[in-house]
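Descriptive analysis of the structure
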Amino acid sequence: MEFLPLIGILIAAFVAWKLLKGVIKLAVIGLLVAGGAWFLLGGMAIGVSA
C-alpha cells in the first residue's frame, strides 16, 4: 500500500510531461504557422508596394 502514492506521483508526472510536450509542440507549430503567414504577407506587401 505504501507504493500507491509513489505510483500516483509517477503517473501524474508522466501525464504532466506528455501534456507539456504537447503544449510545446502546439506552440512551435503555432509560431511556425504565424511566422510563415507573416513572411508571406510581408513578401506580398513588399511585392505590391514595389
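Residues numbered from 1 in each chain as written. Predicted model: local features only at pLDDT ≥ 70, side-chain atom pairs only at ≥ 80, totals over all residues. Heavy atoms only, no water.

Remarks on the overall build of the protein chain
Within the protein chain, the secondary structure is distributed over one helix and zero strands. Of the roughly 4,700 Å² that the protein chain leaves accessible, carbon and sulfur atoms contribute 86%. (Helix = DSSP H or I, 4+ residues; strand = E, 2+ residues; numbered from the N terminus. Areas by Shrake-Rupley, 256 points an atom, 1.4 Å probe, with all protein chains shown as cover.)

As for a nonpolar patch on the surface
A cluster of nonpolar residues, Phe 3, Leu 4, Leu 6, Ile 7, Leu 10, Ile 11, Phe 14, Val 15 and Leu 19, forms a patch on the protein surface that exposes about 940 Å² of accessible area. Summarising the element assignment, Leu 19 is placed in helix α1 (residues 3-49). Residue classification places Leu 19 among the exposed residues on the basis of a relative accessible area of 56%. (Patch = residues over 30% accessible without salt bridge, like charges linked within 9 Å, V, L, I, M, F, W, Y side chains within 5 Å. Salt bridge = Lys/Arg side-chain N within 4 Å of Asp/Glu carboxyl O. Buried < 20%, exposed > 50% of the residue type's maximum accessible area, 1.4 Å probe, protein only.)

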